[in-house]
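What follows is the residue order along each chain.
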Amino acid sequence: MIVGGITALAITIGSVGAALAHDAYSTENTAATQTSHAKREPVVGPAHFHPGFRHGLVRTDGGRLHYVKGGSGPVLVLLHGWPETWWDWHLVMPELAKTHTVIAFDLPGLGNSSIPRDGYDQKTTAARLHQAVNRLGYREVKVMGHDMGVLIGYAWARDYPQEVTRLAVLDSTLLGFGLEDAYSLSFHFRLNMAPSPIPEQIVDNDDVAAYLNHVFEFAAIPDAIDRDYYIHAYRDPARRSAGYNYYRAWPANAEDTKAHAVSKRLTQPVLAMGAEYVFGLGVAASFEQVAGDVRGIVAPGSGHWIQEETPQFVIDCANLFFGPAGVPAPSESLANCVA
């Protein structure tokens, strides 16, 4: 998880959670989420959560990447964060698949993807995803990333600008341009970044539920998160180490971003969505340092896990941003989502 932005608001999330449940989006989506705890999904074959999706594996230089694919039309790739898996997109995938071929990956080392020995930095991970979509037969994609997926999506759009035509980033700033300011908000940042085997020895299998439940309390609507699913996914010590390795790469990511902020400035349109109770417009302010066309948007009533806490808002905004030009926004809150 990446948490930052307005410290006072982040700290008060717990006290406002009940009130937020009455928000128009929040009430609808919390109810939907509480009934969405699907059976454990397979590694390969038809998905359980929706009949229009299938699981598959694709080989890259770092091992096999697990993905879930459905729909038709232009390709939209979804990148999750920590401590989650592709599953954090399951509430929005069916609607997005009505207009796009949706591919949600497990990041290398997480979920059901192979665990590489190295290469957890944003640049290397982006290269592996580039290779994966090419081997699936695609040469042009749109990308939406959340949390850790924001860092990787940025590097992918930067290093493969002819491949990534549009980028949406959800509730994280960039390393080197603001994310370091979040470190004081939660002990988990420094713990996860600590050299091996410090976090590995501190957090054992019996501690996973307590640790992740603490992290998920940063949600404005904590009950919206399918905690059991993610706790199960991170009970494997090797998966936890892979997650820590993404954090251990943060200093290198910061240097990489700062080194290319001017020379490889993004030219694609960037939708920078921050949660109302976490980063807010800070996401846009960060991306304005590395991109020329940034549309800032705030997900109303949401904590960090926007696509799970307020999935309908993500669907509505994504359909505008990734859809045809000129379609007007149905409300003021979605105005900056327009393509």
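Residues numbered from 1 in each chain as written. Predicted model: local features only at pLDDT ≥ 70, side-chain atom pairs only at ≥ 80, totals over all residues. Heavy atoms only, no water.

Some remarks on the pattern of salt bridges
Inference 1: As enumerated under the stated definition, the model contains 9 salt bridges in all.
Inference 2: The closest approach of N and O atoms between Glu 217 and Arg 227, which form a salt bridge, is 2.8 Å. Remark: Arg 227 occurs in helix 10 (residues 227–233) and Glu 217 occurs in the loop between helix 9 (208–216) and helix 10; sequence separation between them is 10 residues.
Inference 3: When its relative accessible area of 42% is taken as the criterion, Glu 217 is described as partly exposed.
Inference 4: Between Arg 295 and Asp 293 there is a salt bridge whose closest N-O contact spans 2.7 Å.
Inference 5: A cluster of three or more residues bridged by salt bridges with shared partners is formed by Lys 123, Arg 158, Asp 159, Asp 256 and Lys 264. (Salt bridge = Lys/Arg side-chain N within 4 Å of Asp/Glu carboxyl O. Helix = DSSP H or I, 4+ residues; strand = E, 2+ residues; numbered from the N terminus. Buried < 20%, exposed > 50% of the residue type's maximum accessible area, 1.4 Å probe, protein only.)

Regarding the pairing of strand 6 (residues 141–146)
Inference 1: A large share of strand 6 lies buried, amounting to 6 of its 6 residues.
Inference 2: Side-chain alternation along strand 6 places Val 141, Val 143 and Gly 145 on one buried face and Lys 142, Met 144 and His 146 on a second face that is also buried.
Inference 3: Sheet topology places strand 4 (residues 75–79) next to strand 6; 5 bridges connect them, and they run parallel. What sits directly across from Leu 78, in strand 6, is Met 144. (Pairing = 2+ DSSP bridges.)

Comments concerning the sheet that holds strand 2 (residues 53–60)
Inference 1: With mixed pairing, 9 strands are arranged side by side in an open sheet as 1-2-3-5-4-6-7-8-9. Edge strands, defined here as strands with exactly one partner in the open sheet, are strand 1 (45–46) and strand 9 (291–299).
Inference 2: Each of strand 4, strand 6, strand 7 (164–170) and strand 8 (266–275) touches helix 6 (residues 148–159); the most contacted strand, strand 6, lies at about 150° to it.
Inference 3: Helix 15 (residues 311–321) rests against strand 6, strand 7, strand 8 and strand 9 of the sheet, and its axis sits at about 165° to strand 8. (Contact = heavy atoms within 4.5 Å. Axes fitted to C-alpha atoms, helices over the stretch in contact; angles between N-to-C directions.)

Remarks on helix 15
Each full turn of the α-helix corresponds to 3.6 residues, which orients residues three or four apart in the same direction.
Inference 1: The element helix 15 is extensively covered by neighbouring structure, given that 8 of its 11 residues are classed as buried.
Inference 2: By the burial criterion, the buried members of helix 15 are Pro 311, Phe 313, Val 314, Ile 315, Cys 317, Ala 318, Leu 320 and Phe 321.

As for the pairing of strand 8
Both faces of the sheet carry side chains from a regular strand, because those side chains alternate between them.
Inference 1: For strand 8, the buried fraction is high: 9 of the 10 residues fall into the buried class.
Inference 2: The pairing of strand 7 with strand 8 spans 4 bridges and is parallel. Residue pairing across strands places Leu 167 opposite Val 270, the latter belonging to strand 8.
Inference 3: At this point the chain moves from strand 8, through helix 13 (residues 282–287), to the parallel strand 9, and the crossover so formed is right-handed. (Right-handed = clockwise from strand over helix to strand, strands pointing away.)

Overview of the confidence of the model for the chain
Inference 1: Looking at the chain as a whole, its pLDDT mean stands at 90, while 88% of the residues score no less than 70.
Inference 2: Scored below 50 in pLDDT, residues 1–38 makes 82 contacts in the model with residues more than four places away or belonging to other chains. (pLDDT = per-residue confidence, 0-100.)

Quick word on unusual backbone geometry
Inference 1: Residues Trp 82 and Pro 83 are joined by a peptide bond in cis, for which omega reads 5°.
Inference 2: As for its placement among the helices and strands, Pro 83 is situated in the loop between strand 4 and helix 4 (93–96).
Inference 3: Following Ser 196, the chain continues into Pro 197 via a peptide bond in cis, with omega recorded as 5°.
Inference 4: Tracing the backbone shows Pro 197 in the loop between helix 7 (188–193) and helix 8 (198–202).
Inference 5: Despite not being glycine, Asp 147 has its phi angle at roughly 60°, a positive value.
Inference 6: Looking at the secondary structure, you find Asp 147 in the loop between strand 6 and helix 6.

Some remarks on helix 5 (residues 122–135)
Inference 1: Between its first and last C-alpha, helix 5 extends 20 Å over 14 residues, near the 20 Å set by a 1.5 Å rise per residue.
Inference 2: Counting buried positions over the 14 residues of helix 5 gives 10, a clear majority of the element.
Inference 3: Listed as buried for helix 5 are Gln 122, Thr 125, Ala 126, Arg 128, Leu 129, His 130, Gln 131, Ala 132, Val 133 and Asn 134.
Inference 4: Backbone nitrogen of Lys 123 and a side-chain oxygen of the N-cap are separated by 3.3 Å at the start of helix 5; the cap is Asp 121.
Inference 5: Gly 137 sits one or two positions beyond helix 5 and adopts a positive phi of about 100°. (Expected span 1.5 Å × (residues − 1). Polar contact = N/O pair within 3.5 Å; in protein donor to acceptor, adjacent residues only side chain to side chain.)

As for the environment of Val 169
Inference 1: Secondary-structure assignment places Val 169 in strand 7.
Inference 2: Val 169 sits 15 residues away from Tyr 154 along the chain, and the two C-alpha atoms are 8.2 Å apart.
Inference 3: Leaving out residues up to four positions away in the same chain, Val 169 has contacts with Gly 145, Val 150, Val 270, Leu 271, Ala 272, Met 273, Val 283 and Phe 287.

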